[in-house]
Amino acid sequence: MPSTTRPSVTVIGLGPMGRAMAGAYLDRGYDVTVWNRTASRADALVTRGATLAADVREALAANELVILSLTDYDAVYATLGPAESALTGRVLVNLSSDTPEKARAAARWAAERGAVQLTGGVTVPPSGIGRAESSTFYSGPLHAFEAHRPALEVLTGRTDHRGEDPGLAALMYQIGMTMFWTSMLSYWQAVALADANGLKAADILPHAVETANSLPGFLGFYAERVDGARHDGDVDRLAMGTASVEHVLHTHADAGVDTTLPAAVVELFRRGMDAGHAADSFSSLLELMKKPAA
């Protein structure tokens, strides 16, 4: 006879992301055990059929697969530490945001207590959880990843295992965050400039989208060149770029808006000029950015 055992999972941490994950598992027919420091955050999930564990130890004991959706790795230790004797045999899918080095340290901590950590880096907001087109980076023991791939694919349809090093998924996530936050700040800067000149965000949206859509071409063009440490000034020159970013800075100053971000960009370009890269591509700034500023 076919097995009637339902797949099961524990979700610890019920912020917006954790609640979305627990909900996705409920939608797919999983037995879901949840725990959160503020128990009331589980109310809607319990109404839908989730089981609220009385404490972390009970939540860990309920299932082999445990999804962690906490603020950072300090929160992971604070949450799991009092129940560490219950970690033996558990696969901890740690989707908490933090640094690659902290992910590696947490994997060692888990292993010392008989657990396996799979580090995860979710590339979508809570609204993207459960969607086939969404993706998550994973790293850590491949055998654990393969054993639980079907459950991980409930969260995001695409699962990208980057290797055994538990820090790699965190690294890929932070690379994405580096680009996301900086790019969004540049958009807020553009909106501030527009507002100072009587325009709304909606007025500049088509131009902003067109500008953003041009970036993949630039990324692809420069990737091969920078990997080969080629910063030839055949298509662009840092001196020309410096003049441009100074114009951007002056435009913001004239408009009376905050210049912190454009001033930081100008400072980096000027450092490149001082380092003798005036005739090189502005990609030569990468060589400065590989090291701490003097």
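Cut-offs used in this document
- Residues numbered from 1 in each chain as written.
- Predicted model: local features only at pLDDT ≥ 70, side-chain atom pairs only at ≥ 80, totals over all residues.
- Heavy atoms only, no water.
- Patch = residues over 30% accessible without salt bridge, like charges linked within 9 Å, V, L, I, M, F, W, Y side chains within 5 Å.
- Areas by Shrake-Rupley, 256 points an atom, 1.4 Å probe, with all protein chains shown as cover.
- Salt bridge = Lys/Arg side-chain N within 4 Å of Asp/Glu carboxyl O.
- Helix = DSSP H or I, 4+ residues; strand = E, 2+ residues; numbered from the N terminus.
- Buried < 20%, exposed > 50% of the residue type's maximum accessible area, 1.4 Å probe, protein only.
- Phe/Tyr/Trp six-rings, centres within 6.5 Å; stacked < 30°, edge-to-face > 60°.
- Core = buried A, V, L, I, M, F, W, Y, C linked by side-chain atoms within 4.5 Å.
- Contact = heavy atoms within 4.5 Å.
- Pairing = 2+ DSSP bridges.
- Axes fitted to C-alpha atoms, helices over the stretch in contact; angles between N-to-C directions.
- Expected span 1.5 Å × (residues − 1).

**Section: a nonpolar patch on the surface**
A cluster of nonpolar side chains, L171, I175, M179, L215, F218 and L219, forms an exposed patch at the surface whose accessible area comes to about 560 Å². Looking at the nonpolar patch, the elements with two or more residues in it are α8 (167-196) and α9 (201-227). The class of M179 is partly exposed, set by a relative accessible area of 46%.

**A short note on the packing of aromatic side chains**
Applying the stated criterion across every chain, the model contains eight aromatic pairs. In this structure an aromatic cluster arises from ring pairing among F221, Y222, F269 and F282.

**Describing unusual backbone geometry**
Of note in the backbone geometry, A229 takes a positive phi value of approximately 55° without being a glycine. Residue placement: A229 occurs in the loop between α9 and α10 (238-255).

**Thoughts on the nonpolar core**
In terms of nonpolar packing, the biggest core is built from 31 residues, with Y25, V32, V34, I67 and V93 touching the most fellow members. Elements supplying a minimum of two residues to this core: β1 (8-12), α1 (16-27), β2 (31-35), β4 (65-68), β5 (91-94), β6 (116-122), α6 (142-147) and α7 (149-155). Here this core gets six residues from one element, more than from any other, and that element is α1. Leaving out residues up to four positions away in the same chain, V32 has contacts with V9, V11, A22, Y25, L26, A50 and T51. Judged by nonpolar contacts, the second largest core, of 22 residues, contains Y73, V76, A103 and A110.

**Describing the sheet that holds strand β3 (residues 51-52)**
Spatially, eight strands are ordered β3-β2-β1-β4-β5-β6-β7-β8 in an open sheet, and the strand pairing comes out mixed. Here the strands that pair on one side only, and so sit at the sheet edges, are β3 and β8 (156-161). Where β1 and β4 come together, three bridges link them in parallel fashion. Note on β4: the bridge partner recorded for I12 is L68. Strands β6 and β7 (131-139) of the sheet are contacted by α8, whose axis makes an angle of about 125° with β7.

**Points about the environment of G272**
On the secondary structure map, G272 appears in helix α11 (residues 260-274). Spatially, the C-alpha atom of G272 lies 9.8 Å from that of S283, the residues being eleven residues apart in sequence. In this view, G272 contacts L238, H277, L285 and L288; residues no more than four positions away in its chain are not counted.

**Comments concerning α8**
Helix length check: α8 (30 residues) gives 43 Å between terminal C-alpha atoms against 44 Å at 1.5 Å per residue, within 8%. Every buried residue of α8 is accounted for by G167, A169, A170, Q189, L193 and A194. Following α8 by one or two positions, G198 adopts a phi angle in the positive range, close to 80°.

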